[in-house]
Amino acid sequence: MYYSDETVEQVRSSNDIVDVISEYAGLKKSGNSYKCCCPFHTEKTPSFTVSREKQMYHCFGCGVGGNVFTFVMKYENFTFPEAIQYLAKRAGITLPEKDMTEEEKKKQSWKAMLYEVNKSAAAYFHYLLTKTERGKLGYDYYRKRGFTDETINKFGLGYADIYKDDLYKYLKSKGYSDELMRAAGLVLFDEKKGPQDRFWNRVMVPITDINGKIIAFGGRVLGDALPKYINTSETEIFLKGRNLFAMNIARHSRRKGVILCEGYMDVIAMHQAGYDNAVASLGTAFTPGQAGLIKRYTTDVYLAYDSDGAGMAATMKAISILRSLDMSQKIISLKPHKDPDEFIKNEGLEAYDERVRDALNGRLFEINVISGNYNLNDPEDKTAFMKAAGRLLAGIEDSTERSNYIDTVSSKYFLNKQELAKIVTEVGMSGLAEESLADRMDFRSREVPNQPAERPVQERPGQVEKKKENPAEENEKYLLTLMVNNQYLFDKLAKVISEKDFTEDIISGVAKQIFDQYREKGEVVPATILNSFDDTESQEKVSEIFTKELEFDTTPSVMEKVLTDLIIKIKMDNIDKELKKSGNVSQIELARKKNELKKIKITL
């Protein structure tokens, strides 16, 4: 779908990047920009920076960056036209109807076919479960779990036959290609064994996106084989960390907030019991991306993870993620039962309603968890507990809220309020306040380390390591950063530097656009320049130029020295490049040019 530059700019300027990214991540003001932990890789120290003035973002940890279109494309796995359509709808803009290019038609058609083959597979699984004798094994399993026919039909539950190529033969008979079945993650192809269904001898649960389109499947084995549960591997339309099971239903629920469970069987049971606001992650730990999806519809989240050690660890991690996005966390106690399904079956819906009403907020839950590691009748243990609780409470920024927590904790655990308050103050002033215990506790061993342990940053699957820096390129990027951040420099440096001095790879193209835009409009609008770069690597380099924070005091005297040094280095590098290209350049002439450069002195 082609849209004019004017339409693209209208959509971009109508969607403030800080407002858009705030719907996905917990941005916090930091100087002239906003920061948070990167939504595209795991990190503890925020390095993801968003500039409202420049309408751009950049992560100085993993290197991603761009404008509002780039963010939505990367986060939602959208094409550029899809990102425009999504943001236009968000801003209430009616887009003109335009014809698609052949390439766009192919991409859209391919995605449509992926949705279609998943839909066909789901229909076949459901047919086997509900209409055939072969599926009775699966049907009996669901009925034994207490699922009604209405629930089975509502979620489109199904059954994958015992034959390893049953689905393949069915889809082949419907005209679907091997390439499509492989791309959808439904069939595996082996040179020796031939095509084999990914799912066989399992009860099947279709997984849908936020709009209700089937994008993947979850399958539970019938019998004792392992693994008990498997999901579709990630595909072009299925990103595990960006989707939640049953979120398409939960977003329309009239119940308050969302209840986050561990598995889709728990969610189905809760929906049948009337809790249609229950959702679950999809075979992975809860992610910031999933939290961001929930945040579009509510900031209230109830956690109903299993009550075992693994469930406890998952709860603590989820609390940390939700808190970082400024979302409330309430923990539903399921003890003495393992999961919501077991609780409701044994205690009934009224008892579960009561547990939801009495759900403990995240901070108090964390303190309650660590209290179990101390003997509060022992003076030394009690002191250690107070210090541990103090580290948690010191992380509360609002002074009134912090004071209320101190009241509640000191009262509940019979602690001296003044001493606890003193500890909280001392910890806060020393900078040791902790936002979460998720990375400090091993809930399987139930041990609490004395100091928080640092973990290495986990890279995204397949993420390429950042390339080594090129000094010449870094100098050119830094000078452009200075000029874009201080646009009066374009006039001040007009006789000394021009776009022709920027010769490094992509930087030369960026510089030309920047100088052209300044000459035409009298200002540089970074976010519009980024639209002309299609590939991810280019966008990330450009975004770094525009969002890089200056590392020195920008007073005139300091700025003059920095500019002088940069300009001399850049021009010197260009002379050396000229020498390498042409061996006919006189060494004497080269030396003369370099001596002339040394005389440059920038004055502001």
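What you see is a predicted model, and the numbers here were worked out from it, not measured in a lab.

Caption draft 1: The overall build of the protein chain, seen in detail. The number of helices and strands found in the protein chain is 26 helices and 16 strands. For the protein chain, the proportion of its 604 residues judged to be buried stands at 50%. Carbon together with sulfur atoms contributes 48% to the accessible area of the protein chain, which is approximately 30400 Å² in total.

Caption draft 2: Representation of the sheet that holds strand β16 (residues 360-361) within the structure. If you walk across this open sheet you meet the five strands as β13-β12-β14-β15-β16, and the pairing is mixed. The open sheet has two edge strands, β13 (278-280) and β16, and neither has a second partner. Across two bridges, the pairing between strand β15 (residues 328-331) and β16 is antiparallel. Bridge assignment links Ile331 to a residue of β16, and that residue is Leu360.

Caption draft 3: Looking closely at the packing of aromatic side chains. Tallied over the entire structure, the rule returns 27 aromatic pairs. Connected via pairs of aromatic rings, a cluster forms that spans Tyr24, Phe40, Phe48, Tyr57, Phe71 and Tyr75. The ring centre of Tyr115 lies 4.6 Å from the NZ or CZ of Lys213, which sits over that ring. One cation-aromatic arrangement involves Arg242 over Tyr75; the distance from NZ or CZ to the ring centre is 4.4 Å.

Caption draft 4: Focus on the pattern of salt bridges. Under the definition given, this model contains 24 salt bridges. When the shortest N-O distance is used, the salt bridge between Arg296 and Glu76 registers 2.0 Å. With Arg296 in the loop between α12 (288-295) and β14 (300-303) and Glu76 in helix α3 (residues 68-76), the pair connects residues that are 220 residues apart, well separated along the chain. Residue class for Arg296 comes out partly exposed when judged on its relative accessible area of 24%. Of the charged contacts, one joins Arg134 and Asp166 as a salt bridge, the two residues approaching to 3.3 Å between their closest N and O atoms.

Caption draft 5: Examining the side chain of Asp209 more closely. Turning to its location among the elements, Asp209 is positioned in the loop between β9 (202-208) and β10 (214-221). Here Asp209 occupies a buried position and makes no salt bridge, while the nearest side chain of opposite charge, Lys213, is found at 5.8 Å. Among all residues touching Asp209, those that are not within four sequence positions of it are Tyr115, Ile215, Asn243 and Asn248.

Caption draft 6: Highlighting the nonpolar core. Counting 62 residues, the largest nonpolar core has Tyr142, Phe245, Ile259 and Tyr352 as the members making the most contacts within it. Here this core takes nine residues from helix α5 (residues 102-131), the largest share from any one element. Residue contacts for Ile259: discarding those within four places in its chain leaves Met270, Tyr275, Asn277, Ala278, Val279, Tyr302, Ala304, Ile332 and Tyr352. Grouped together as the second largest cluster of nonpolar side chains are 34 residues, Val542, Val562, Leu566 and Ile602 included.

Caption draft 7: Seen up close, the side chain of Gln329. Assignment of secondary structure puts Gln329 in strand β15. From its side chain, Gln329 meets the backbone oxygen of Met327 in a polar contact 2.7 Å long. Those residues in contact with Gln329 that lie beyond four places of it in its chain are Val301, Ile319, Leu322, Arg323, Leu360, Asn361, Gly362 and Arg363.

Caption draft 8: Fine view of the environment of Ile215. Note on placement: Ile215 falls in strand β10. Its relative accessible area of 0% is what places Ile215 among the buried residues. Taking the C-alpha atoms as reference, Ile215 lies 8.2 Å from Lys119; in sequence the two are 96 residues apart. Each residue touching Ile215, except ones within four places of it in the same chain, is listed here: Tyr115, Asn118, Ile207, Thr208, Asp209, Thr235, Ile237, Phe238 and Asn243.

Caption draft 9: Molecular detail of the pairing of strand β12 (residues 258-261). Of the two faces of β12, the one holding Val258 and Leu260 and the one holding Ile259 and Cys261 are both buried throughout. Summarising the sheet, β12 and β14 pair through three bridges and their orientation is parallel. Of the residues in β14, the one forming a bridge with Leu260 is Leu303. Sheet topology places β12 next to β13; three bridges connect them, and they run parallel. Its bridge partner being in β13, Ile259 is matched across the sheet by Ala278.

Caption draft 10: Examining empty space enclosed by the protein more closely. Applying the stated criterion across every chain, the model contains one cavity of 30 Å³ or more. In this model, the largest cavity occupies a volume close to 30 Å³. Considering the residues around the largest cavity, the lining is formed by Thr208, Asp209, Ile210, Asn243, Leu244, Met247, Asn248 and Leu293. For the lining of the largest cavity, the residue count by class is four nonpolar, three polar and one charged.

Caption draft 11: Focus on the sheet that holds strand β5 (residues 65-66). Reading across the sheet, the five strands line up as β1-β2-β3-β4-β5 and stay open at both edges, with antiparallel pairing between neighbours. Of all strands in the sheet, those bounded by a partner on one side alone are β1 (28-30) and β5. Relative to strand β2 (residues 33-36), β1 runs antiparallel, the two sharing three bridges. What sits directly across from Ser30, in β2, is Ser33. Running over the sheet, helix α24 (residues 536-547) touches β4 (56-59) and β5 and is turned about 105° from β4.

Caption draft 12: Structural detail: the environment of Asn416. Inspection of the secondary structure assignment puts Asn416 in the loop between α18 (399-412) and α19 (417-430). For Asn416 and Met386, which are 30 residues apart along the polypeptide, the C-alpha to C-alpha distance reads 9.3 Å.

What counts and how
- Residues numbered from 1 in each chain as written.
- Predicted model: local features only at pLDDT ≥ 70, side-chain atom pairs only at ≥ 80, totals over all residues.
- Heavy atoms only, no water.
- Helix = DSSP H or I, 4+ residues; strand = E, 2+ residues; numbered from the N terminus.
- Buried < 20%, exposed > 50% of the residue type's maximum accessible area, 1.4 Å probe, protein only.
- Areas by Shrake-Rupley, 256 points an atom, 1.4 Å probe, with all protein chains shown as cover.
- Pairing = 2+ DSSP bridges.
- Phe/Tyr/Trp six-rings, centres within 6.5 Å; stacked < 30°, edge-to-face > 60°.
- Lys NZ or Arg CZ within 6 Å of the ring centre and 35° of its normal.
- Salt bridge = Lys/Arg side-chain N within 4 Å of Asp/Glu carboxyl O.
- Lys, Arg positive; Asp, Glu negative; His and termini not counted.
- Contact = heavy atoms within 4.5 Å.
- Core = buried A, V, L, I, M, F, W, Y, C linked by side-chain atoms within 4.5 Å.
- Polar contact = N/O pair within 3.5 Å; in protein donor to acceptor, adjacent residues only side chain to side chain.
- 1 Å grid on protein atoms, 1.4 Å probe; cavity = no way out; pocket = protein on both sides within 12 Å on 5 of 7 lines; lining within 4 Å.
- Points joined across faces, edges and corners; volume = space filled by probe spheres on them.
- Nonpolar A, V, L, I, M, F, W, Y, C, P; charged D, E, K, R; others polar.
- Axes fitted to C-alpha atoms, helices over the stretch in contact; angles between N-to-C directions.

In short, geometric facts, not functional conclusions.
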